[in-house]
Amino acid sequence: MRRRIPLIITFIIGVVLITGYFVTRGPFNTLYESFSDYFAIITVFAFILGGGSLLKIHLKRVSSRAADWPYSVVTLVAFLVTLVIGLFKVGNPGGMGGEILASGSWLRFMFDGVYNPLSATMFSLLAFFVASASYRAFRARTKEATILLSAAMVILLGRTPVGAWLTAWMPESLAFLELPNLANWIMAWPNTAGQRAIMIGIALGVIATSLRIILGIERNYLGRGE
Amino acid sequence: MRIPDSILQIDRRIIFLLIGAAVCIPLLLKPRFQDSPTPIVQSIFDTVERLPAGSRVFLSFDYGPDTAPELDPMAKALVRHTMTRDLEVSFFTLFPEGVGQIKKITDNLLPVEFPDKAYGRDYVNLGYKAGLGGAINTMVVNFRTLVNADAEGTPLDDLPITADVDEMVDYVIILSLTAGDPGLKEWIQFAGDIAGIPVMGGGTAVVAPELYPYYPQQLVGLMGGLKGASEYESALVDRYPAYRNATMEATMRMGPQVVTHVLIVLLVLLGNLAYFLGRAGRGNRAGRKGLAGRTGRGGQS
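Trainee: Could you give me a rundown of the pairing of strand β1 (residues 56-62) of chain B, with the residues and numbers involved?
Mentor: Looking along a regular strand, one sees the side chains alternate between the two faces of the sheet. All names here are of chain B. Among the 7 residues that make up β1, 7 are buried, leaving the element largely enclosed by the rest of the structure. Burial of the side chains of β1 extends over both faces: R56, F58, S60 and D62 are buried on one face and V57, L59 and F61 on the other. Direction of pairing for β1 relative to strand β2 (residues 88-93): parallel, over a ladder of 5 bridges. Across the sheet, R56 pairs through a bridge with E88, a residue of β2. Tracing the backbone out of β1, into helix α4 (residues 68-84) and back to the parallel element β2 gives a crossover that is right-handed.

Written as structure tokens, this is what we have:
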């Protein structure tokens, strides 16, 4: 029974949502609209679930002194401090009725002074690692790797004014070989074709998996318990 | 150690230093690279340009501080353009961190550059809504269910700019600045295709290739990475010369990007050159060893 009821709920909601998408009148449409509203409400609870899960995992790591447990302490402290400051709007000039990120509030200070620079720093480190990895691993070892390498070089140069400058000497009849034009061509044609193939493949996979879930064939989401 | 091997085994800290210099030196010297808009960027500019004053525009900041260096310049260029055209802009975000990005515009850019524009009349902050792509779907199905007040809790009916907004289709265009999911793709799938609202915007250089398949049928235009932002800025300056002296962040940041790209290209070429020289050297030695083995002589050379 514990497995059957979720399967029935999934089946009914799946069928109603699919039908409601195509039948835009009558009860199906009303149900479709109602389920959309429920979805908006339910997703908010995902934050509570996520927060609870984060607390559980890191408290466990700290209590069992697992590897790198001090990082878990930092995570927990940062999470709880931000949560309390955000929930109770500590230091907010407008008090509890004030805007969440009002100027002068502690949360605004944390966002601008801590989260913003930390986040930007982490992301900007990518440039260093990409450069180092490209230097060590980007080799024209095979035919495919050579094509990839050539396309990357064209895009890298073609997406900067240097690309235009390097190939500006080309005659009008060979304008299509100018680096910016080549870069645009790669993005508009081979890239689009490849992306479309991937997207259509993923979409077909999603449809197949969704049907399996709605029909109760795929049951992994229910967990292992009987 | 032979030269090709020593080149291949350069300490990665040297590469880090080179990249650091490639970013910092252009930032200090501030070289200006003139850009011209490509059709995919010009298309956004022309669409905004054609809108009559007072048209409602929905601008979603679907990114956080990590991708702000790429997307903030797009946001500023779009806000400058829409405000110059006297359009009514509703700011929104599907990212929790996007709230801070909107605040940067409403607290810093708008009061300084457009002091005559008033909150609630010319622009409004609708804040963050949870639900990823599902939130867009809910807004298209029943806008007021999800968005019934601005970020400060003021009911939409009490704000002149949103008093008449009952449905998503009351907006003439949707602009999204995208760092991943949810973003432009979801706006196209759940709002553009279903409600028929033109969708356009910008994405990071990593996200942009994934969005090309939607252009031009489902996506009116796209700014890809810093280059796209720089192209939009140049279109803005060409049309409105008053912005010539304004700080155009993308144009300014193209300096470090150009030098870094060139450096990476040179590093990759150098790495490949060393690889092939090393391989040729090893091939020659192996050939000589094989020859020496077959003739019964020692392999010294």
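Trainee: Give a detailed account of the interface of chain B and chain A, specifying residues and quantitative values.
Mentor: How big an interface is tends to be expressed through the accessible area that disappears when the partners come together. If you look at the interface, chain B gives 60 residues, while chain A gives 48 residues. Of the roughly 4900 Å² buried between chain B and chain A, counting both surfaces, carbon and sulfur atoms make up 66%. The interface formed by chain B and chain A contains 2 salt bridges. B:D107 is paired through a salt bridge with A:R108; the nearest N and O atoms lie 2.9 Å apart. Our enumeration of links across chain B and chain A arrives at 16 residue pairs in polar contact (both at pLDDT 80 or more). Here the side of chain B that touches chain A gets 14 residues from one element, more than from any other, and that element is helix α11 (residues 249-295) of chain B. The residue inventory of the side of chain B that touches chain A, partitioned by class, reads 31 nonpolar, 19 polar and 10 charged.

Trainee: Could you give an account of the packing of α4(B) against helix α10 (residues 225-239) of chain B, with specific residues and numbers?
Mentor: Residue and element names in this part refer to chain B. One can describe the packing of α4 onto α10 by two numbers: an axis separation of 8 Å at closest approach and a directional angle of 20 degrees. When the interaxial angle is binned, α4 and α10 end up roughly parallel. Here the hand of the crossing between α4 and α10 comes out left-handed. Residues P69, E70, P73, M74, A77, L78, R80 and H81 of α4 touch α10, and the partners they reach there are G225, L226, A229, Y232, E233 and L236. Of the residues contributing to the contact of α4 with α10, the split by class is 9 nonpolar, 2 polar and 3 charged.

Trainee: Mind laying out helix α4 (residues 106-137) of chain A, listing which residues take part and the relevant values?
Mentor: Residues and elements named next belong to chain A. When the terminal C-alpha atoms of α4 are compared, their 45 Å separation across 32 residues agrees well with the 46 Å that a helix rising 1.5 Å per residue should span. Along α4, the largest kink reaches about 35 degrees and is centred on Y115; proline P117 follows within four residues of it. Looking at α4, one finds that the buried residues are L107, R108, M110, F111, N116, S119, A131, S132, S134 and Y135.

Trainee: Can you break down α4(B) residue by residue, with the values?
Mentor: Its 17 residues give α4(B) an end-to-end C-alpha distance of 23 Å, which sits within 8% of 24 Å, the value for a rise of 1.5 Å per residue. Among the 17 residues of α4(B), 14 are classified as buried, and the element is accordingly described as predominantly covered.

Trainee: Go over the sheet that holds strand β5 (residues 199-203) of chain B, please, and point to the residues and values.
Mentor: Residues and elements named next belong to chain B. Taken in spatial order, the 6 strands of this open sheet run β3-β2-β1-β4-β5-β6, and their pairing is parallel. A strand with exactly one partner marks an edge of an open sheet, and here the two such strands are β3 (123-128) and β6 (222-224). Each strand axis lies, on average, 15 degrees off the axis of its neighbour in the sheet, ignoring direction. Across 3 bridges, β5 lies against β6 in parallel orientation. Opposite G201, over in β6, you have L222 as the bridge partner. Sheet strands touched by helix α3 (residues 39-50): β4 (173-178), β5 and β6. Its angle to β6, the strand with the most contacts, is close to 135 degrees. In the packing of α4 onto the sheet, the strands contacted are β1, β2, β3, β4, β5 and β6, and the crossing angle to β4 comes to about 160 degrees.

Trainee: Which residues make up the pairing of β4(B), and what values go with them?
Mentor: Residues and elements named next belong to chain B. Burial analysis of β4 places 6 of its 6 residues in the buried class, the great majority of the element. Across 6 bridges, the pairing between β1 and β4 is parallel. From the neighbouring strand, L59 faces β4, where its bridge partner is L175. By the bridge criterion, 5 bridges tie β4 to β5 in an arrangement that is parallel. Paired with T178 across the bridge in β5 is G203. Taking the sense of rotation as the criterion, the β-α-β connection linking β4, helix α8 (residues 184-195) and β5 turns out right-handed.

Trainee: Talk me through the packing of aromatic side chains; I want residue IDs and the actual numbers.
Mentor: In the structure shown here, the tally under the stated rule is 17 aromatic pairs over all chains. With centroids separated by 6.4 Å and ring planes inclined at 85 degrees, the aromatic side chains of A:F47 and B:Y128 adopt a geometry described as edge-to-face. Here A:F47 is found in helix α2 (residues 26-63), whereas its partner B:Y128 is found in strand β3 on a different chain. A relative accessible area of 23% means that B:Y128 is categorised as partly exposed. Across the ring face of A:W69, the terminal group of A:R65 is positioned such that the distance to the ring centre comes to 4.4 Å. The residue whose ring lies beneath B:R239 is B:Y240, and the NZ or CZ to ring-centre distance is 4.8 Å.

Scoring rules and cut-offs
- Numbering of residues starts from 1 in each chain and follows the order in which that chain's sequence is written.
- The order in which chains are written sets their letters, starting at A; the order in which ligands are written sets their numbers, starting at 1.
- The predicted origin of the model limits local features to residues at a pLDDT of at least 70 and limits the giving and counting of side-chain atom pairs to 80 or more, whereas totals for whole chains, interfaces and linings rest on all residues.
- Each side-chain value is worked out from all heavy atoms of the structure, with water and hydrogens disregarded.
- A simple rule labels every residue: compare its accessible area, found with a 1.4 Å probe on the protein chains alone, to the largest value its type can have, and call it buried under 20%, exposed over 50%, or partly exposed in between.
- Labels follow the DSSP assignment, with helices taken as runs of H or I lasting at least four residues and strands as runs of E lasting at least two, numbered in each case from the N terminus.
- Strand pairing is defined by DSSP finding a minimum of two bridges between the two strands.
- Every crossover in which the path from the first strand over the helix to the second runs clockwise, viewed with the strands pointing away from the viewer, is termed right-handed.
- A contact between two residues is defined here by any heavy atoms of the two lying within 4.5 Å.
- The term buried area denotes the loss of accessible surface (1.4 Å probe radius) that occurs when two parts are joined, taken as the sum for both partners.
- Each salt bridge in this description consists of a side-chain nitrogen of Lys or Arg and a carboxyl oxygen of Asp or Glu lying within 4 Å of one another.
- Polar contact is defined as a pair of N or O atoms within 3.5 Å, subject to the rule that within protein one atom must be able to donate a hydrogen and the other to accept it, and that residues adjacent in sequence are counted only when both atoms are side-chain atoms.
- The nonpolar class holds Ala, Val, Leu, Ile, Met, Phe, Trp, Tyr, Cys and Pro. Asp, Glu, Lys and Arg form the charged class, and all remaining residues, Gly among them, are polar.
- Convention adopted: a line fitted to C-alpha atoms gives each axis, helices being fitted over their contacting stretch, and angles between N-to-C directions are expressed from 0 to 180 degrees.
- Any angle that falls under 35 degrees is termed roughly parallel, while one over 145 is termed roughly antiparallel, one within 65 to 115 roughly perpendicular, and all others oblique.
- In this scheme, a crossing is called left-handed if the near helix is turned counterclockwise away from the far one by less than a right angle; it is called right-handed if the turn is clockwise.
- One fewer than the residue count of a helix, multiplied by 1.5 Å, yields its expected span.
- Note on bend: the value at a residue is the angle between axes fitted to the seven residues ending there and to the seven starting there.
- Each aromatic pair joins two rings of Phe, Tyr and Trp (for Trp, the six-membered one) with centres within 6.5 Å, and gets the label stacked for planes under 30 degrees apart, edge-to-face for over 60, and tilted for any other angle.
- Lysine NZ or arginine CZ positioned within 6 Å of the ring centre and within 35 degrees of the ring normal marks a charge as sitting over the ring.

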